[in-house]
Amino acid sequence: MSKLDEQPFDVGAATSSLAESTLGEPETTPPRYQIVDEDGNYDPDDVPALTDEELIDLYRWMVLQQVIDVRMVKLQRRGEMGTYASGRGQEASMAGCAFALQEQDWLFPYGREATAELIQGMPLRDLLLYWRGIEDANKQRQNKVFPPAIAIGTHIPVGVGFAWGMRMDGDDAIATLYHGDGHPSTGEYQAGINFASVIDAPALFYCQNNGYSISAPFDKQTGAKTVAQKAIAYGLDGIRVDGNDVLAVYDAVRTARENVVAGNPTIVESVSYRLDAHTTNDDPSLYREDNEVDWWEEREPLGRFESFLQSEGVWDDIDEEAIRAEANDKFDQAKEAADAFDAGGVDELFTHLYDELPPELERQLEEFEAFLEERPDAYDYIEHRPKG
């Protein structure tokens, strides 16, 4: 018996060829999965089995995303909203993924997936409150939405751990971790996804690759041609999909979810483009040319989906003007509710830190309230959270 027969784990076959033992970067960029191309062409046999009603719902969600982005940016410019991250140009990427999830699944957002949060059940009012910096908007446990992780990559280990816990509890659910193309550069991402691979956590890593991590273009973020190929290094599957084709996104995520449920965490890289600034505090003209934006503007996802709906005869049942009016009405109602939200009291200084307030913080709160009762003039020096 040779020593090789006694090896405790598989080290692979041996070869005298160095070339055969070298793993190299692909010479060309791997393709994107696509069902409907940029000109609206498609093979009917490739279309997912969605009803006309479901197709119209998808369209409605994408329109709502457009309306939200336009209205939120205007509110921010008027001083009625905090910094906002628009998703214009990524409507298919956001809606297509969330539409493919199941009711029991959890969403871990990072800030640019408004539609996904709303599909999960988050009220539009709370979306406005979140971007106004109001902590109460993060209370979305009943909607299975974790608070967005603005600090890049920090939600990845948390989401993986949560997914692991669901598996140990026997839950038939997955955790979908939305992230951008800059997240894989962080240590948190790498540690989290490696851990997910080791324990086979029911986690789906959904990368919205919109070409830029703030001002850094993708080729300055990594030497790899894609995010999806990074899955191989972690022992996972990676799927690359045209993020401007909502049907392809839906089908890719639906397939990926089946893989995840079967015990194989998966990366889905949705290749899209951010048409607006990174946030309302960003000036994209400093790092990209207008002709680049114009090229992608001509390939924005909503027009492509409209072309498909027309070809399928579904467009005849759609009143675009009415759908946009409905979306604007929803936004008006959400803003009215957000404006009416109570400003809160000083007790918020002590809230959200612990499930049960420790005795020391109880003492401090009672002392503070007693002081304010004795000195009501002190309220004049307390800066309450603003409405915008």
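Everything below is about the structure printed above this text.
Note that the structure is a prediction, hence the values are computed from the model and not measured.

Student: How should the sheet that holds strand β3 (residues 203-209) be read in this particular structure?
Tutor: The strands that make up a sheet pair up through hydrogen bonds in the backbone, lying either parallel or antiparallel. Taken together, the five strands give an open sheet; going across it, the order is β1-β2-β3-β7-β6, and neighbouring strands pair in parallel fashion. Looking at strand neighbours, the two that pair on one side only are β1 (106-108) and β6 (237-242), the edges of this open sheet. Direction aside, neighbouring strands of the sheet carry axes that sit 20° apart on average. Two strands pair when backbone bridges link them, and strand β2 (residues 175-180) and β3 are joined in this way by six bridges, in the parallel orientation. Paired with Ala 175 across the two strands is Ala 203, which belongs to β3. Helix-sheet contacts for helix α6 (residues 187-199) involve β2, β3 and β7 (266-271), and the interaxial angle to β3 is about 140°.

Student: I would appreciate a short explanation of the packing of aromatic side chains in the present structure.
Tutor: What characterises a pair of aromatic rings is the spacing of the ring centres plus the angle enclosed by the ring planes. This model, assessed by the stated rule, comprises 18 aromatic pairs. Between Phe 108 and Phe 146 the ring centres are 4.2 Å apart and the planes differ by 25°, which places this aromatic pair in the stacked class. Taken as a pair, Phe 108 in strand β1 and Phe 146 in the loop between α4 (124-131) and α5 (155-168) lie far apart in primary sequence, 38 residues in all. Summarising the aromatic geometry, the rings of Tyr 212 and Tyr 273 are spaced 6.4 Å apart at their centres and angled 75° between planes, so their arrangement reads as edge-to-face. Here the residue Tyr 212 occupies a position in strand β4 (residues 212-213), and Tyr 273 occupies one in the loop between β7 and α10 (290-297), the gap between them amounting to 61 residues. Members of the aromatic cluster, each reached through a chain of ring pairs, are Tyr 212, Tyr 273, Tyr 287, Trp 295 and Trp 296. Here the guanidinium or amino end of Arg 299 rests over the ring plane of Trp 295, the centre of that ring lying 3.6 Å away.

Student: Sorry, what's going on with unusual backbone geometry here?
Tutor: Note: most residues except glycine have negative phi, and most peptide bonds are trans. Even without being a glycine, Lys 144 presents a positive backbone phi close to 60°. Within the element layout of this structure, Lys 144 appears in the loop between α4 and α5. Since its relative accessible area comes to 24%, Lys 144 is described here as partly exposed. With a phi angle near 55°, Ile 214 is a residue other than glycine that sits in the positive phi range. Mapped onto the elements, Ile 214 comes out in the loop between β4 and β5 (216-217). Assessed through its relative accessible area of 45%, Ile 214 is described here as partly exposed.

Student: Sorry, what's going on with the pattern of salt bridges here?
Tutor: Side chains carrying opposite charge are able to pair once their charged atoms draw close together. Here the structure, examined in full by the defined rule, presents 25 salt bridges. Between Asp 339 and Lys 335 there is a salt bridge, with its nearest N and O atoms 2.7 Å apart. With a gap of four residues between them, Asp 339 and Lys 335 both fall in helix α12 (residues 320-339), about one helical turn apart. Lys 335 gets classed as buried once you look at its relative accessible area, which sits at 15%.

Student: Please clarify how the side chain of Asp 245 should be interpreted in this entry.
Tutor: Summarising the element assignment, Asp 245 is placed in the loop between β6 and α9 (246-261). Buried within the structure, Asp 245 lacks any salt-bridge partner; its nearest side chain of opposite charge belongs to Arg 304, at an N-O separation of 4.5 Å. With near-sequence residues (within four places) excluded, Asp 245 lies in contact with Gln 34, Ile 35, Val 36, Ala 92 and Arg 304.

Student: Honestly, the layout of surface pockets in this entry has me stumped. Any pointers?
Tutor: Where empty space is left can be seen by rolling a probe of water-molecule size over the atoms. Roughly 360 Å³ of internal volume is contained in the largest pocket. Around the largest pocket, the lining comprises 21 residues; the ones closest to its centre are Tyr 110, Arg 112, Ile 152, Ile 214 and His 278. When the residues that make up the lining of the largest pocket are grouped by side-chain class, the tally is seven nonpolar, eleven polar and three charged.

Student: Explain the state of the cysteines here, please?
Tutor: Each disulfide is one covalent bond, formed between the sulfur atoms of two cysteines. Enumeration over the complete set of coordinates arrives at zero disulfides. Looking at the unpaired Cys 97, the closest cysteine sulfur is the one in Cys 207, lying at 11 Å. Owing to a relative accessible area of 0%, Cys 97 belongs among the buried residues under this scheme.

Student: Just to check I follow, could you spell out empty space enclosed by the protein for this structure?
Tutor: Applying the stated rule across the entire model yields four cavities of 30 Å³ or more. In this model, the largest cavity occupies a volume close to 60 Å³. Residue lining of the largest cavity: 15 residues in total, with Gly 111, Arg 112, Glu 113, Ala 114 and Trp 131 positioned closest to the centre. Listed by contribution, the elements that provide at least two residues to the lining of the largest cavity are α3 (114-120) and α4. Broken down by element, the lining of the largest cavity gets its largest block of residues, three residues, from α4. Each residue belonging to the lining of the largest cavity can be placed in one class, and the counts come to eight nonpolar, four polar and three charged.

Student: How should the environment of Pro 359 be read in this particular structure?
Tutor: Looking at where Pro 359 falls in the secondary structure, it is placed in helix α13 (residues 359-374). Look at Pro 359 and you get exposed, because its relative accessible area is 67%. It is 48 Å that separates the C-alpha atoms of Pro 359 and Gln 90, two residues lying 269 residues apart in sequence.

Student: Even after reading the chapter, I still don't get the nonpolar core, so can you show me in this structure?
Tutor: Across soluble globular proteins, nonpolar side chains have a tendency to be buried as a group. Judged by nonpolar contacts, the single largest core of 68 residues is most densely connected at Tyr 59, Ile 68, Leu 247, Val 253, Phe 305 and Leu 309. Broken down by element, the residue count for this core peaks at eleven residues, all from helix α1 (residues 52-77). With sequence-adjacent residues up to four places away left out, Val 253 is seen in contact with Cys 97, Ala 100, Leu 101, Leu 204, Tyr 206 and Val 268.

Basis of the calculations
Residues numbered from 1 in each chain as written. Predicted model: local features only at pLDDT ≥ 70, side-chain atom pairs only at ≥ 80, totals over all residues. Heavy atoms only, no water. Pairing = 2+ DSSP bridges. Helix = DSSP H or I, 4+ residues; strand = E, 2+ residues; numbered from the N terminus. Axes fitted to C-alpha atoms, helices over the stretch in contact; angles between N-to-C directions. Contact = heavy atoms within 4.5 Å. Phe/Tyr/Trp six-rings, centres within 6.5 Å; stacked < 30°, edge-to-face > 60°. Lys NZ or Arg CZ within 6 Å of the ring centre and 35° of its normal. Buried < 20%, exposed > 50% of the residue type's maximum accessible area, 1.4 Å probe, protein only. Salt bridge = Lys/Arg side-chain N within 4 Å of Asp/Glu carboxyl O. Lys, Arg positive; Asp, Glu negative; His and termini not counted. 1 Å grid on protein atoms, 1.4 Å probe; cavity = no way out; pocket = protein on both sides within 12 Å on 5 of 7 lines; lining within 4 Å. Points joined across faces, edges and corners; volume = space filled by probe spheres on them. Nonpolar A, V, L, I, M, F, W, Y, C, P; charged D, E, K, R; others polar. Disulfide = S-S within 2.5 Å. Core = buried A, V, L, I, M, F, W, Y, C linked by side-chain atoms within 4.5 Å.

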